[in-house]
Amino acid sequence: MAKGIMIIDGVRVPFDGEKNVLAVVRKAGIDIPTFCYYSDLSVYGACRMCMVEDTKTGKIEASCSMEPRDGMSIRTNTAKLLKHRRMILELLLASHDCSCTNCAKSGNCRLQELAQRFGVRHVRFPDTRPRYEMDYSSHAIFRDPNKCILCGDCVRVCEEKQGQGILDFAGRGSELQVMPAFDKKLSETKCVSCGQCAAVCTTGAITVNDQIGTAWRAIHDPQKRVVVQIAPAVRVAIGEEFGYAPGENILDRIVSALKIMGVDEVYDTNFAADITTITEAEEFLQRLQAGGPFPMFTSCCPAWVKYLELNDPKYLKNISTCKSPMEMFASVLKEKYAEKDAADSRTTYHIAIMPCTAKKMEAARDEFFHNGTPDVDLVLTTRELVDMIRETGIHLDELELESPDLPFGLGSGAAVIYGVTGGVAESVVRHCLPDKTKNALRQVRVSGIRGDEPIREVTYDVGGTEIKIAVVNGLVHAKELIADVEAGKRFYHLVEVMSCQGGCVGGAGQPYGLTAAKRERGKGLYAADASALFKRAEKNPVVTAMLADFGPQWCHDHLHVHYGTEE
Amino acid sequence: MSMNQRLARVSEIIDAHGAQPSQLIAILQDTQSAFNYLSQEDMTLIAQRLGISTAKVYSVATFYENFSLEPKGKHIIRVCDGTACHVRKSQPIYDAIHDYMHLTGKRKTDADGLFTLETVACLGACGLSPVLTIDGEVHAKMTPDSALALLDTIRKEEGLAK
């Protein structure tokens with residue numbers, strides 16, 4: 001890695017291993033503008049906004065594509081550069097649907113931000129493009145090609161992070177567009193609904209399918225009892241939109257806000273995550289006894305399940321038959337609220353607030369429809385809830401805190417870490433390990449099951465058997481792992497897969513954030529675990545009592561699902 | 001030729017290039033010369049065999065003017081639009097043929113599948129301009145009328161009424 005000193009706008013700036021000049025400039029405290037540069041992805045060099053001028057030669061070059069050299073002297077804001085940047089912006093705006101006021105991305109749009117920053121008030125060129133058709137076909141995301149500026153961030157995240165390659169450029173010159181192969185609708189492709197394209201989109205060209213209107217209609221319908229469950233990852237990210245630090249757990253404020261908004265009952269997905277841990281651990285121990293099939297894959301992430309279904313269906317038998325916590329919650333609610341509905345002749349309307357766009361797809365799956373209605377009526381992402389709270393004008397910091405309702409508001413520390421990569425595996429391990437001491441918990445914590453690496457491997461001793469576990473985040477790495485398992489290079493008993501970087505805290509329904517924010521959110525969940533009253537799923541008194549009451553047959557029928565097979 | 005036979009042929013072409021992603025363009029070219037266009041099934045198979053995304057193959061196929069994603073007609077007309085031909089009024093010839101074939105939008109092949117209309121940058125026959133080729137045969141000093149007369153003759157030979 002190169003080391004040395006650069007001169008940026010006359011100031012000496014040391015560099016040590018930064019991969020490009022752009023990173024050094026940003027380190028020096030200058031927010032150089034970019035569209036196509038996304039630090040988590042490969043360098044593309046298309047937007048030319050990050051150009052800098054060499055003080056000696058007067059040459060201009062894109063700083064994202066330049067390696068820092070010792071003694072290099074550049075300026076970042078010369079008259080020439082400012083003129084170029086304004087021209088680039090003007091041309092981009094000329095071929096962009098500038099309907100900002102009613103765009104879902106307004107306020108979070110990079111194009112809008114930079115056009116404002118550079119004072120582009122007038123566009124001299126008419127938009128000569130034809131009107132492109134919008135794509136409403138996906139449950140998770142919505143594509144409006146009229147707003148695309150061709151930065152290619154979505155193309156690269158889909159290929160490099162998720163290994164899917166659903167979107168790519170097509171055509172050339174003025175006809176260039178980003179689209180799926182053969183200009184198909186997303187629903188006709190192998191899109192897994194992870195939504196990461198929407199998370200990195202610099203404009204409003206790809207946004208999350210907005211179902212806020214449906215939510216309000218249900219909340220305002222007196223015939224409906226609106227019951228909400230909130231996923232673990234939501235509580236440590238939603239605050240970012242209201243001035244709280246990433247990772248700060250504001251669940252109690254969210255519960256309070258939802259009540260003011262008119263929601264009848266607010267519960268915690270953690271409750272169902274405890275059921276998942278117990279059920280999944282049981283299944284795992286059974287597989288250990290039966291000798292397979294291994295690896296057992298976790299089933300909580302709907303994008304991952306969809307990926308196998310579409311690309312590698314032979315592994316569907318390896319997926320745990322446990323429903324995801326969201327769907328387990330729905331099964332419990334259906335069972336428990338049938339009587340309640342009959343008694344007061346209202347219908348229970350179940351909303352799940354998730355960090356995830358793929359959950360919208362999961363809720364729409366045939367397996368989770370009974371008698372023509374979905375088990376979860378509506379899935380809202382964290383950001384949709386942010387918009388709803390903003391709409392009401394509620395100030396979160398002035399609210400009285402309120403904890404989730406009982407009985408389904410109670411969850412263990414093992415449940416809250418479901419929202420971070422490695423959490424599901426850790427919870428299952430806690431349940432399976434015969435040693436129930438504090439020390440055992442500590443050993444698991446530092447075993448390497450936690451962390452940022454895309455693939456982590458850990459080994460535990462469960463009653464004399466050596467158990468090999470892998471934890472994966474990012475679908476591209478799951479592909480890699482499967483290839484190795486298939487080639488006999490690796491063997492695991494249990495593999496946890498989360499499609500998004502960092503696990504659910506990095507879900508596409510969360511506030512926009514880079515790796516650093518995702519890491520803080522993960523820490524927030526671990527902190528919640530550390531201060532939880534009990535840290536093992538089986539210690540949840542409501543869950544254990546309820547499962548005993550339901551009995552094994554009910555659990556078998558209602559907590560399991562068989563993807564891609566008929567049973 | 002059935003779809004399976006066609007895909008078997010595409011597979012042979014892929015093998016001939018060692019199933020290397022770096023050979024994508026060569027594979028697309030050979031596939032196109034075998035069937036005169038690239039079908040969605042061809043491209044899907046190529047993507048699968050090379051281990052790249054279908055969107056990527058589509059991206060390359062749509063980038064180059066030379067690749068056709070629709071079946072071409074039996075006879076291929078190329079109107080030269082090089083500088084010399086252009087100056088000597090090749091555009092009205094192109095327009096006349098375009099109308100004759102009832103083409104709309106981006107379509108280059110007529111409804112009967114008889115003709116495909118393309119342009120070519122220069123044939124090096126500037127002394128004979130404006131020129132066009134039909135199935136590789138050069139026709140010199142064309143006018144809109146003489147061009148349409150050629151097409152009429154072919155239609156008659158094919159047993160199709162004007």
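Residues numbered from 1 in each chain as written. Chains lettered and ligands numbered in written order. Predicted model: local features only at pLDDT ≥ 70, side-chain atom pairs only at ≥ 80, totals over all residues. Heavy atoms only, no water.

*Asks:* With reference to specific residues and values, describe the sheet that holds strand 12 (residues 296–297) of chain A.
*Replies:* Residues and elements named next belong to chain A. The strand order 12-19-18-17 describes an open sheet built from four strands, whose pairing is mixed. Of all the strands in the sheet, the pair left with one neighbour each is strand 12 and strand 17 (455–462). As paired strands, strand 12 and strand 19 (residues 494–498) are joined by two bridges and run parallel to one another. Residue pairing in the sheet places F297 in a bridge with V495 of strand 19. Seen against the sheet, helix 15 (residues 423–432) touches strand 17, strand 18 (465–473) and strand 19 and runs at an angle of roughly 150° to strand 19. In the packing of helix 17 (residues 475–486) onto the sheet, the strands contacted are strand 12, strand 17, strand 18 and strand 19, and the crossing angle to strand 18 comes to about 140°. (Pairing = 2+ DSSP bridges. Helix = DSSP H or I, 4+ residues; strand = E, 2+ residues; numbered from the N terminus. Contact = heavy atoms within 4.5 Å. Axes fitted to C-alpha atoms, helices over the stretch in contact; angles between N-to-C directions.)

*Asks:* Explain the domain arrangement of chain A to me, and be specific about the residues and the numbers.
*Replies:* Residue and element names in this part refer to chain A. Here the domain parsing of chain A yields domain 1 (3–77), domain 2 (91–208) and domain 3 (214–558). Centre-to-centre, using C-alpha coordinates, domain 1 lies 26 Å away from domain 2. Contacts between the two partners involve 13 residues from domain 1 and, on the opposite side, 18 residues from domain 2. A buried area of about 1,300 Å², summed over both sides, lies between domain 1 and domain 2, and 59% of it is on carbon and sulfur atoms. Looking only at domain 1, the three residues that lose the most surface to domain 2 are F35, L41 and Y44, adding up to 49% of its buried area. Applying the counting criterion to the domain 1 and domain 2 interface returns one salt bridge. In this structure, D31 engages R117 in a salt bridge whose closest nitrogen and oxygen atoms are separated by 3.2 Å. On inspection of domain 1 and its partner domain 2, the count reaches six residue pairs in polar contact (both at pLDDT 80 or more). Split by residue class, the side of domain 1 that touches domain 2 holds eight nonpolar, two polar and three charged. (Domains from an automatic or database assignment. Buried area = accessible area lost by both parts, 1.4 Å probe. Salt bridge = Lys/Arg side-chain N within 4 Å of Asp/Glu carboxyl O. Polar contact = N/O pair within 3.5 Å; in protein donor to acceptor, adjacent residues only side chain to side chain. Nonpolar A, V, L, I, M, F, W, Y, C, P; charged D, E, K, R; others polar.)

*Asks:* Give a description of helix 17 of chain A that names residues and reports values.
*Replies:* Residue and element names in this part refer to chain A. With twelve residues, helix 17 should cover 16 Å at 1.5 Å per step; its first-to-last C-alpha distance of 16 Å lies within 8% of that length. Taken together, the buried positions of helix 17 are L475, A478, L481, I482, D484 and V485. Against helix 4 (153–161), strand 12, helix 10 (302–311), strand 17, strand 18 and strand 19 lie the buried residues of helix 17. Positive backbone phi, approximately 80°, marks G488, located one or two places after helix 17. (Expected span 1.5 Å × (residues − 1). Buried < 20%, exposed > 50% of the residue type's maximum accessible area, 1.4 Å probe, protein only.)

*Asks:* Go over the interface of chain A and chain B, please, and point to the residues and values.
*Replies:* The interface is formed by 17 residues belonging to chain A together with 13 residues belonging to chain B. Summing the contributions of chain A and of chain B, the shared interface buries around 1,200 Å²; its carbon and sulfur component is 56%. It is D168, R172 and F182 of chain A that lose the most area in chain A upon contact with chain B, and together they represent 52% of the buried surface on that side. Here D168 of chain A ties to K56 of chain B by a salt bridge, and the two come within 3.1 Å at their closest N and O atoms. The interface formed by chain A and chain B contains five residue pairs in polar contact (both at pLDDT 80 or more). The set of elements that each furnish at least two residues to the side of chain A that touches chain B consists of strand 7 (167–170) and strand 8 (177–180) of chain A. Residue contributions to the side of chain A that touches chain B peak at four residues, all from strand 7 of chain A.

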